[in-house]
Structures are given as structure tokens and as C-alpha cells.
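Structure assessment
Residue strings, one per chain:
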Amino acid sequence: MASVVIMPKQGLMMTEGTITSWLKKEGEEVVAGTPLFEMETDKLTITMDAEVSGTLLKIVQPEGSVVPITETIAVIGAPGEDISALLGGAAPAAAPAAAEAPAAVAATPAAAPAVEAAPAAPAALPASASFVIMPKQGLMMTEGTITSWLVKEGETVTAGKPLFEMETDKLTITMDAEVSGTMLKIIKPEGSVVPITEPIAIVGEAGTDVSAFANGVPAAAAAAPAAAPAAAPAAAAVVEAPAAAPVRNPGERIFASPRARLHAEENGVDLAYVPASGPEDLIIDRDVMGYIANKPAVTPLAANVAKAQGIDLAGIAGTGTNGKITTADLPGAAPAAAAAPAAAPAAAPAAAVAAAEAPAQAGRGTRTEKMSGMRKAISKNMLASKSTNAQTNHRMVVDMTAAIALRNQYKALGIKVSYNDIIVRACAKALQDMPIVNASVDGNNIVYHDYVNVGTAVSVPGGLIVPVIKDADIIGLSGIAAKSVELIEKARDGKLTDADYHGGTFTVSSLGMFDLDDFVAIINPPESGILAVGKIAKQPVVVTNAEGEDEIVIKSMCALCLSYDHRIIDGAEAAKFLQKVKNYLQNPVLLI
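Notes on the structure follow. Not measured: the values here are computed from a predicted model.

**Here's the deal with the overall build of the protein**
Counting its secondary structure elements, the protein contains 14 helices and 28 strands. When each of the 592 residues of the protein is scored for burial, the buried share is 41%. Contacts in the protein between residues at least 24 apart in sequence constitute 62% of all its contacts with a sequence separation of at least 6. About 30,100 Å² of surface is accessible on the protein, with carbon and sulfur atoms providing 56% of the total.

This is how it looks when you write it as C-alpha cells:
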């Protein structure tokens, strides 16, 4: 059954995409999980992988075409298949004739024994069905949480209509279906945290048998447990002579799709041991997923020894706790394993004495919980910032007396303006004066931005997010105040969109409300600067009066700390920028 390829939606604000390159030609074979075409949105260029296998029967939209989301761009199916109905405007992935369904269903039981008898390679998903995968929303996203399924198993799915809701480290998104059909199987239930590109559901023709893919694992991997009971009696023999040779020769070049390499890296999989089912010995994502599903539990020491000796652990039965493979289970370890029982009686009394001497923990200890998606993103971004930027900082103390008076004037007029809004406005003006602080590094190039977009760090339960005030240099103080209130409310209600996070050129982080005198902030890549703002506090300050004499007066002072990327911003330029911010705050009439 032929399936249409539609223009995917990459981001909440995307309405259309440009096809920059087709990586397959009409008539060529397409394998699910391998690159199919490249597309360009308003923000980035992406390589899109095929979601089904077959022959590229028709390229509907040629290279250079600007295509609205969910519109058909190509058709994949069997050679010689009639696709006139799909090209004539029928709904994507429309159901085939009813006569075909019984035949497809009836054929499944007959094929099953062959798969169980000798699964030579992972079987492909039936042509009448396709996986729904966890989409990648943003360059830094590695996993998402399914918060709600909007279509239940057995219900109709329509391309372009809402299918499920997901939560990333930054926002909650409603994702639309990319193909039409019936929801055959929900692989990942609500609440599941799923790595990007991993299957979460199966959509296809009603009645299609997808039982072998109930967990998103190919048929060959699903058949392995069924064969386990028969192999159990011979477990001892397997331990003595496991498959010690790797699938590929040492040093042999390994060909794998980008998605397969990403999945392998995230799960610590050595691609040398993964069988390939793609064309010309290409490892695709499905191969990695199948390998992970069958990957045995192993102790860290045994894993290191096996890797060093080139031992494939796939055929080894573990004798450790919960079936884990230990070093005693590895090839050549049999004598040591046989000697172990003899040594055991002597060791037992010593172990008993040690256990008796161990003090009781009295119910106190440690607890471990997984990082949330937001916390993992913060960890990754901050580590990347410290490892890539030549970060240093300058400090300066500013008299906020005039800024406080300005805020009170706005308040008297019924206009809400925060101190942070005034500081953001002062930074926007200073960024106009100092374009280098508003720039960013791209390899060996300096990218200057004509716009000034200031991010404002907002604390939310479980972490920190940085929504961006766009065009802060032209919307004025009242505009900044209004936008700031809107973004903070959306952030705390979890309603920020992808567009609210991106495009920042500078960040302001204020922690004065927590009674913090001053602090150093870490730059938010790819920006080149961030201003840390401490509390406003009354302090004794020495000033020179009109008579030229020094005197001590009480003033409202605030500490500012600029962290900047020394790769493109020199110390003198950073100091000038802080000087300008100070001048604007101490003469706020310049901000109006």
C-alpha cells in the first residue's frame, strides 16, 4: 500500500517549509530511518528521514518548492503500484480497497512460523502501517514526555489533526499526525519519557497485524523471547562457547544513518556489534533499537573486558544477580568459575563476620531521582557554555536613586514598570551603542545582529527558563514592561511557545528579590554576554557636595556583574558597556 510523504511541522510557528534537496530519486529504494530529503524552515535546515520503506514512486514537490505543512510532497510504495488516487487529492494514506485487507491479515499467520524458525534479519513494519516517532522540537532536545494521547487505539487518525501532547524541557506542544489511518497501537503510554526518534505509536490500515511491534521492537527482536525457552536447556553450553567474534572486523568502516548513530551514542552501543538491515550494509535506527532490546545486562567490569577483547555479549547467558553477565561468564573464564565453589566455603565465614560488624543505617541513607528534562537541558547548556566560551566578568556598582524615582512616576500614572524592566531597557540602549556585545561567535566568524532581543531569566518550579523580549531597543520602556508581564505569566503557566525562547542576543538575570548582594551568571549560548543584577539596597556613599567637600549620604545602590565572551569582547569594551548601562540607569530620562 502506497503512503504519502507530507511536509512535516517542525516547531509551533512553522507554516511552510522549503525543499532544498531530495536525497533519493524517483524509482530508488527508500528505507525507513534513512535520510530522504533536506528542508529549510525560517530558523534552520534539517535532514528528514523516511518513515516507511519502499520505492520512491513520485516526487510531487521538486527541489526549491515552498510547501505548506501537511501537504503531500512525495509518494512511497511498491513498484508499479497505482497512486493516481493519492495524487488526485485523496486523503493522505487513504485506506485501500476492502478486498485487500482480509488477504493481508490472512497472510500474517502463515508467515509467522518462518519468522520464528529462522529470523535472518529484522522484519519491516507492514507497508500498510507506519510508526509515529518522538519528534525533535529544537536543536537541543534529546527526549520528550508524552502528557496526553488525543486519539485512542482503534480511532481514526487524520493527517494534520492533533494526535498527542508532549512536554519538552521548555514547553508543552500539541503534535499533529503526519499520516492518516487508524491508531493501531499506542506503544508509549501517557507519562512516558521517550528519546527523540523512538517509536511511540503505530498508525495504518485498520486490521493490520502489528502485534510483533507492540513495544516498537522489530519482529526479529520480538521473536527472540519466544525462542528462549527452547534454548534454555543448552544454557551451560552457551556459556562455554559463546560467539566471541565481533560482527565486523576490527578497524572495518561502519556505515550508519545519522539517527542510528545518535541513538547508539545515547545508549552506549558499539555499532561494530549491530547487524545492518539497510542497503549496502547500512545500519539504520531500527537495527540499533533491536540490538538495544536484546542487549543483555552486564556488570561494568565484564563490559570493559568484553570490549577490550572484542567479545560479543549477545550470545552469553549471565550467571550473576538477575541474570547479569559477569567476568566469570566470559570466554576463557571457565576454570576460574569452576574454582569459585571451592573457594566459597573459606570465604563464607569472613563474609558473615564482616556483615555482623557492619553498623545499622537506622533507616537513613540516600535517595536518587532522575533529572527532569528541564534540569538536564540546563546542565547540558551550562556545561557547554563554560567549555566553549572564554568567559570572564566585570563588576560595577550603580546608584539607582533616579531609576527608583522614574518607577514611582510610572506607578503614579497607573503604569506597572519593574526595576528589571528599566535595567532591560538600559541594556538595550547600551547594546545599540556597543554592537560587539550584541554579537555572537560562529566558528571563526563574528555574527552581528541588527536587532536587540533581551532574554530575561525566570525561575519556575524545577528549573530556570529564559523567555526573550524581542526588539527591546525599539518597543520602549512601557512595551518592555507589558511584554515582560506577558512572558512571565506564560512561563509560570507552562504556556510559552518555541518562538518565545529563541532569538536572544543578550540576557539579564536578576536575583535581587532573593536578597542576593551580587553574583556571577553563566553566558547563555550562543549569546556573548549576560548581566547579573543583585539587590537594590541603601548604603552609605561618599559624595562631593556643591561646596567641593566630601560627605556621606545614603543612596540606593545596586551591584551589576557582566559576564562576557572574551573571544570577541575585549575587557575595555566590556567596561565601556557597563559604563553606558550605568549612565542610562543614573540618567533614566534617556530611556524614555
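**Regarding the environment of Asp-517**
Note on placement: Asp-517 falls in the loop between β26 (506–510) and β27 (529–544). Expressed as a C-alpha distance, the spacing of Asp-517 and Val-533, which sit 16 residues apart in the sequence, is 8.5 Å. In this structure the side chain of Asp-517 is engaged in a polar contact, spanning 3.4 Å, whose partner is the side chain of Lys-535.

**Digging into the environment of Leu-578**
Residue position: Leu-578 is located in helix α14 (residues 571–586). On a C-alpha basis, the gap between Leu-578 and Leu-531 in space is 9.2 Å, while along the polypeptide they are 47 residues apart.

**Observations concerning the packing of aromatic side chains**
Two aromatic rings, taken as a pair, are described by how far apart their centres are and by the angle between their planes. As enumerated under the stated definition, the model contains 3 aromatic pairs in all. When the centroid spacing of 5.2 Å and the interplanar angle of 45 degrees are considered together, the rings of Trp-22 and Phe-37 count as tilted. Linking Trp-22 in strand β2 (residues 16–22) with Phe-37 in strand β4 (residues 35–40), this pair joins segments that are 15 residues apart in sequence. The exposure classification of Trp-22 matches that of Phe-37, with both residues buried. A cation sits over an aromatic face here: Arg-407 above Tyr-419, 4.5 Å from the ring centre.

**Thoughts on unusual backbone geometry**
Between Pro-525 and the following residue, Pro-526, the backbone shows a cis peptide bond with an omega angle of 5 degrees. For Pro-526, the location among the structural elements is in the loop between β26 and β27. Here Thr-197, not a glycine, exhibits a phi torsion of approximately 75 degrees, which is positive. Even without a glycine there, the phi angle at Asp-471 is positive, about 55 degrees. Among the secondary structure elements, Asp-471 is positioned in the loop between β25 (468–469) and α12 (476–492).

**Observations concerning the sheet that holds strand β19 (residues 391–399)**
Taken together, 6 strands build an open sheet; the order of strands is β19-β28-β27-β26-β22-β25 and the sheet is mixed. Two strands in the sheet have a free side with no partner beyond their single neighbour: β19 and β25. Packed on one face of the sheet, helix α11 (residues 419–433) meets β22 (454–456), β25, β26 and β27 and runs near 155 degrees to β26. Sitting on the sheet, α14 touches β19, β26, β27 and β28 (550–565), and the angle it makes with β19 is about 25 degrees.

Thresholds applied
- Residues numbered from 1 in each chain as written.
- Predicted model: local features only at pLDDT ≥ 70, side-chain atom pairs only at ≥ 80, totals over all residues.
- Heavy atoms only, no water.
- Helix = DSSP H or I, 4+ residues; strand = E, 2+ residues; numbered from the N terminus.
- Buried < 20%, exposed > 50% of the residue type's maximum accessible area, 1.4 Å probe, protein only.
- Contact = heavy atoms within 4.5 Å.
- Areas by Shrake-Rupley, 256 points an atom, 1.4 Å probe, with all protein chains shown as cover.
- Polar contact = N/O pair within 3.5 Å; in protein donor to acceptor, adjacent residues only side chain to side chain.
- Phe/Tyr/Trp six-rings, centres within 6.5 Å; stacked < 30°, edge-to-face > 60°.
- Lys NZ or Arg CZ within 6 Å of the ring centre and 35° of its normal.
- Pairing = 2+ DSSP bridges.
- Axes fitted to C-alpha atoms, helices over the stretch in contact; angles between N-to-C directions.

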